[in-house]
Amino acid sequence: MTMNTQMQWGVRTVAVATVAIGVLLTGCGKKDEAGGTAPAGKKTNVANIGSDTMVNLAAAWAEAYGAVDKTVVIEVNGGGSGVGIKGLLNGTAELANSSRHIEDKEKAELKEKRQLDAKEYVVGFDALSIYVHKDNPMNEITMEQLRDIYGATGTTTKWSELGITAIPGAKGDEIIRVSRQNNSGTYEYFKEAVVGKKNEFKLGSLDMNGSKDVVELVGKTPNAIGYSGMGYANPSVKMLKVAKKKGDPYIAPSIAATHDKSYPIARPMFFYTAGEPAPHLKKYIDWTMSDDGQKYVESTGYVPLPKK
Amino acid sequence: MSKEPTEVLSPALAVPIARRGQAAVLGERVIEGLVYLCGISAIVFVFGIFFFVFKEGAPFLAKLDFKEFFFSKEWIPTSSVQPKYGIGALIVGTLSVTTLAMVIAVPFGLGAAIFVSEFCTGKTKETLKIVIELLAAIPSVVWGFIGLSVMSPVIIAVFHVPVGVNLFNAAMLLALMSVPIMVSMGEDALKAVPDSYREAGIALGATRWQLVYRVLLPAAKNGLLAAVLLGVGRAIGETMAVLMATGHAVNIPDSIFDPVRTLTATIAAELGETSHGSPHYQVLFLIGVVLFSITFVVNLAADFIVKGIKRK
């Protein structure tokens, strides 16, 4: 009898506790969705929304800026370049991150809705190198060849199809494609620039979880090819020169070639504001473009602005 | 359970009964309650976690094509044209890595357990046990790094295959990671066999090997099975090492030297940067539910096997 009631009590406690924990966890989930709440006090918040490619860089800047100016809190959110610019249009963002130029249509809409001109700042560059093993005799590649290797519509799967027949240390002829996990900005940009926006990656690539891992793996695998930020090169890999199409000059990836726009897999990264930025925001933008701010461009794997 | 001390019936035999103070009784109750809570907390947490994981993934169930989900090998969740959520290749990846890891680990693990428990004494035994426990203390990121940068070139050179991060590489790492668990659990199981069994065996003229094979293994089989299953659990759930060493490629392997991708590694690699509540996010939680179910089935099967053995 006593045993029985205790059992019942037990079952009920389990049920209640389960529900309680469930509710707790749900509660946590909801809070995340709404975004962190702004700290109280005299702090000025800046809504900084936009490009997913730039979100890591923007977050690194925002964090470091906390030590530079304690009265300003930069709230970084991703969503895509379009989301950021849309934020400027309807006033939910004060600073938009964009990895593409603002469109004329968007400029006109901003003028019409808020009577403001979009102001553009180039804050850094995103450039990807194509890496192969150091013993691979290949030195150059075209964008078309890359598309055929990586894209779902491409048919290139063997090195011999690219005219490479003897890679020292390589076993077999297969091209081992090294790529990134599907939600990284690098993956997105490579897809956009090389594979094609309407195309998909060929499945079966080795999707590494970091820029450094890609280069590390290519360095250990004679049959491999991979893409990653320019700053990750090491002695066991080689960066290929890239041409836009067959017949065009092959350009070696470098900071200079990124700045003069001759290297094909590179793009500038922008900040946009609606009209002249407020003084505290102007101060932030100037800081990101200063030598101090540009340090973070390099440390997050992008190409900094030309030195003044 | 706790009855009040019964009143003494006959006054003639009256002996003063020591009664506990209110505080002591209350204290007893509180401690009892706390211990009880500790006991059931595991159940509460398991259900709570399952509830949470399921809740996050559930909104996608309505839109989910189950046939595609389980059997398609096309995992393209971030496509801007037509996202595809097929986890067939990932399930095959998880199962193949785990199976191969167990094929390598079970003979080594149980062999080592038998050696440590039955054939080895004194200093050797102590040293071996300490070293094996040390093996268990290596973090999985370190294992992954070893797979990526040490084993991968070796595999290319030794087996003449084009890529070194693959099913075999990850299975080797998982085997090395689950062996220590199997050894310590297996050794405990063998130690629990009463010495009288050993003495009886020797008295009947059995050799050492006959003793192990005919007496100890059958006597300790429940414990040994539990040791193996703990190893399986370790292998299925492992994330970081397999993320780095499998090659993380959406691919159904033709040979043990093909790169694969596991369910756990997919969640680890993709969940961090997925926006909250998006279909991709929800599908990743559904993968969590699938993993949960696989582990549940493994444990349940183990339970039935153990019960079956007991009945015999």
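Details of the structure are given in the entry above.
Here the structure is a predicted model, which means the values were calculated and not measured. Here, residues in each chain are numbered from 1, in the same order as that chain's written sequence. Chain labels run from A onward and ligand labels from 1 onward, assigned in the order the entries are written. For a predicted model such as this one, the threshold for reporting local features is a pLDDT of at least 70, and the threshold for listing and counting side-chain atom pairs is 80 or more; totals across whole chains, interfaces and linings nevertheless cover every residue. As a rule here, side-chain values come from all non-hydrogen atoms in the structure, and water together with hydrogens is ignored.

**Focus on the pattern of salt bridges**
Put simply, a salt bridge is a Lys or Arg side-chain nitrogen that is within 4 Å of an Asp or Glu carboxyl oxygen. Inspection of the entire model under this criterion finds 22 salt bridges over all chains. For A:Lys245, the salt bridge identified is with A:Asp248, shortest N-O distance 3.8 Å. Looking at A:Lys245, the relative accessible area reads 46%, which means it is partly exposed. Residues B:Arg261 and B:Glu270 are paired through a salt bridge, measuring 2.9 Å at the closest nitrogen-oxygen approach. Whether a residue is buried, partly exposed or exposed follows from its accessible area with a 1.4 Å probe, protein chains only, as a fraction of its type maximum: under 20%, in between, or over 50%, in that order. Note on B:Arg261: relative accessible area 1%, which makes it buried.

**So, empty space enclosed by the protein**
In the cavity and pocket records, a cavity denotes points on a 1 Å grid over the protein atoms alone where a 1.4 Å probe fits but cannot get out, a pocket denotes an open set with protein on both sides within 12 Å along at least 5 of 7 lines, and lining residues are residues with an atom within 4 Å of a point. Grid points are joined across faces, edges and corners, and a volume is the space filled by probe spheres set on the points. Applying the stated criterion across every chain yields a total of three cavities of 30 Å³ or more. Roughly 130 Å³ of volume is contained in the largest cavity. As for the largest cavity, its lining consists of 15 residues, of which A:Tyr187, A:Phe201, A:Leu203, A:Asp207 and B:Trp75 are closest to the centre. Each residue is assigned to one of three groups, with Ala, Val, Leu, Ile, Met, Phe, Trp, Tyr, Cys and Pro labelled nonpolar, Asp, Glu, Lys and Arg labelled charged, and all others, Gly among them, labelled polar. Partitioned by chemical class, the residues of the lining of the largest cavity number seven nonpolar, five polar and three charged.

**Points about the environment of A:Arg267**
Residues and elements named next belong to chain A. Note on conventions: DSSP H or I runs of at least 4 residues are helices, E runs of at least 2 residues are strands, and numbering of each starts at the N terminus. Checked against the element boundaries, arginine 267 lands in strand S11 (residues 266–274). Arginine 267 sits 141 residues away from aspartate 126 along the chain, and the two C-alpha atoms are 5.3 Å apart. Whether two residues touch is decided by their heavy atoms; if any such pair falls within 4.5 Å, the residues are in contact. Discounting chain neighbours no more than four positions away, the residues touching arginine 267 are Thr53, Ser99, Gly124, Phe125, Asp126, Tyr189 and Glu192.

**Observations concerning the interface of chain B and chain A**
By a widely used convention, the size of an interface equals the accessible area lost when the partners come together. Facing 47 residues of chain B, the contacting portion of chain A comprises 42 residues. Around 3600 Å² of area is buried between chain B and chain A when both sides are counted, 64% of it from carbon and sulfur atoms. If you look at where chain B meets chain A, you find one salt bridge. The partner of A:Asp207 in a salt bridge is B:Arg261, with the nearest N and O atoms 2.6 Å apart. For the purposes of these results, a polar contact is taken to be a pair of N or O atoms within 3.5 Å, where, inside protein, one atom must be able to donate a hydrogen and its partner to accept one; residues adjacent in sequence count only when each atom of the pair is a side-chain atom. Where chain B meets chain A, there are seven residue pairs in polar contact (both at pLDDT 80 or more). Those elements giving two or more residues to the side of chain B that touches chain A turn out to be helix H1 (22–57), strand S1 (75–76), helix H5 (140–159) and helix H11 (263–271) of chain B. For the side of chain B that touches chain A, the element with the highest residue contribution is H1(B), accounting for ten residues. The term buried area refers to how much accessible surface (probe radius 1.4 Å) is lost by two components on association, counted for both of them together.

**What to know about helix H7 (residues 211–220) of chain A**
Among the ten residues of H7(A), seven are classified as buried, and the element is accordingly described as predominantly covered. Taken together, the buried positions of H7(A) are A:Ser211, A:Val214, A:Val215, A:Glu216, A:Leu217, A:Val218 and A:Gly219. For H7(A), the elements touching its buried residues are strand S4 (118–133), strand S6 (176–180), strand S7 (206–208), strand S8 (224–229) and strand S9 (237–239) of chain A together with H5 of chain B.

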